Amino acid sequence: MQTLRKMADYLIERPKPKGIDVRCGLQHFAIITYAVPADRFEGLFPDRFRLDVVDIDGQKMGLISVVPFIDVDFTSAVFPFPKFTMGQTNYRVYIVDQLTNERCVWFLGTVLDSWTLAVPRYLWNLPWHAGNVKFDCRVNQASGLYEQYAMETCSSWADASVVLHQSSEEVFDFPGFPDTESALVYLTHPLAGFYFRRDGKLGTYRVWHKELAVTPASLVSARFKLLSDLGIVYETEQNHPYSVLVEPLNEFTIYLPPTVVG
């Protein structure tokens, strides 16, 4: 059973950016999460980490999210610098760092639609991959809800497509959590990410953001090739997510460069 959590306990002051740290807006930000049996994650990450399981109907389940968005005004958080816009899709598993007891995420990888991919992929050896990411979205300015949300990614590593729907009748529903706030801390507020670099070493980086103002949505259709290729979420399960959260725009600070662990 997941424990009771208060968002206020996890909110921190923004660490002062320096060096090559980045500030960016994340537009059409979505978190599409699946709950699947915990044994599907075996061998995915080092023993330093454990899956942050959720007990749903008496079964231990792991949660994995697909997170598409458009980086807008991607620029230096410190110096005057050109701004970039690019589509991105992250794949992340919710874990606990047993060394620090911090709840964080394990990145399977990222698809980026930009020539700037060369920096994270080749300079920092991040598991980032090229793709063509297209969004077709429309937000009702009066309600703040999406009248249309569609994303399609063409990538040899992780083809993907998703169509979402929102209405004023959508409600939060998080089986396995004691309340909505506890689930939102879990799903929206991990600030540390770990991953296997392309050279096999363990890497990490951190982000900062305010409390995200996500709202619930429903999934019309989804196809995430990477999740079915890895046997984590089968094709027949991908139209039945655990939860869908969206926010039209938020802001992240990313602390760079990533570091090699050990």
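Data block above holds the structure.
What counts and what doesn't
Residues numbered from 1 in each chain as written. Predicted model: local features only at pLDDT ≥ 70, side-chain atom pairs only at ≥ 80, totals over all residues. Heavy atoms only, no water. Helix = DSSP H or I, 4+ residues; strand = E, 2+ residues; numbered from the N terminus. Rg over C-alpha atoms; globule rule 2.2 N^0.38 Å. Buried < 20%, exposed > 50% of the residue type's maximum accessible area, 1.4 Å probe, protein only. Contact = heavy atoms within 4.5 Å. Areas by Shrake-Rupley, 256 points an atom, 1.4 Å probe, with all protein chains shown as cover. Pairing = 2+ DSSP bridges. Axes fitted to C-alpha atoms, helices over the stretch in contact; angles between N-to-C directions. Salt bridge = Lys/Arg side-chain N within 4 Å of Asp/Glu carboxyl O. Phe/Tyr/Trp six-rings, centres within 6.5 Å; stacked < 30°, edge-to-face > 60°. Polar contact = N/O pair within 3.5 Å; in protein donor to acceptor, adjacent residues only side chain to side chain.

(A) Region of the structure containing the overall build of the chain. Secondary structure assignment for the chain yields three helices and 15 strands. Relative to its length of 262 residues, the chain is compact, with a C-alpha radius of gyration of 17 Å against a globular reference of 18 Å. Once the C-alpha set of the chain is aligned to its principal axes, its extents read approximately 50 × 45 × 40 Å. The buried share of the chain, taken over its 262 residues, is 52%. In the chain, the proportion of contacts linking residues at least 24 apart, taken out of those at least 6 apart, comes to 71%. Working note: accessible area of the chain is about 12400 Å², and carbon and sulfur atoms make up 53% of it.

(B) Structural detail: the pairing of strand S8 (residues 132–139). Two strands pair when backbone bridges link them, and S8 and strand S9 (residues 146–154) are joined in this way by eight bridges, in the antiparallel orientation. Opposite Arg138, over in S9, you have Gln148 as the bridge partner. Adjacent in sequence and paired antiparallel, S8 and S9 are bridged by six residues, among which Gly144 carries a positive phi angle near 80°.

(C) Here's a closer look at the sheet that holds S9. On the basis of which strands lie adjacent, the open sheet formed by four strands has the order S8-S9-S10-S14 and antiparallel pairing. Each edge of the open sheet is held by one strand with a lone partner, namely S8 and strand S14 (218–224). Neighbour to neighbour, the strand axes of the sheet diverge by 5° on average, direction disregarded. Two elements, strand S10 (residues 160–165) and S14, share six bridges in a ladder whose sense is antiparallel. Bridging across to S14, Ser161 finds its partner in Arg223.

(D) Fine view of the pattern of salt bridges. Under the counting rule described, the total for this entry stands at ten salt bridges. Note that Arg103 is salt-bridged to Asp52, the shortest N-O span being 2.9 Å. Separated by 51 residues along the polypeptide, Arg103 in strand S6 (residues 102–112) and Asp52 in the loop between strand S2 (49–51) and strand S3 (54–56) bring together distant segments of the chain. In this structure Arg103 comes out as partly exposed when scored by relative accessible area, which is 30%. Across the pair Arg138 and Glu147 runs a salt bridge whose closest N-O atoms are separated by 3.0 Å. The exposure class of Arg138 is partly exposed, given its relative accessible area of 41%. By sharing partners, the salt bridges in this structure join Arg5, Asp52 and Arg103 into a single network.

(E) Seen up close, the packing of aromatic side chains. A complete count under the given rule lists 16 aromatic pairs for this structure. Taking the centre distance of 5.0 Å and the plane angle of 80° together, the rings of Trp106 and Phe196 count as edge-to-face. Taken together, the residues Trp106 in strand S6 and Phe196 in strand S11 (residues 192–196) connect sequence positions 90 residues apart. Look at Phe172 and Phe174: their rings are 5.7 Å apart centre to centre, the planes differ by 25°, and that puts the pair in the stacked class. Taken together, Phe45, Phe49, Trp106, Phe194 and Phe196 form an aromatic cluster joined through their ring pairs.

(F) Here's a closer look at the side chain of Asn90. On the secondary structure map, Asn90 appears in strand S5 (residues 84–97). Within the structure, Asn90 has its side chain in polar contact with the side chain of Gln88 (distance 3.1 Å).

(G) Summary view of unusual backbone geometry. Here the residue pair Leu256 and Pro257 is connected by a cis peptide bond, since its omega of 0° sits within 30 degrees of zero. Its identity is not glycine, yet Asp57 carries a phi of approximately 55°, on the positive side. Secondary-structure assignment places Asp57 in the loop between S3 and strand S4 (59–76). We classify Asp57 as exposed; its relative accessible area is 80%.

(H) Main features of the environment of Val22. Examined against the element boundaries, Val22 turns out to sit in strand S1 (residues 22–37). On the basis of relative accessible area, Val22 is assigned to the buried category, the value being 7%.

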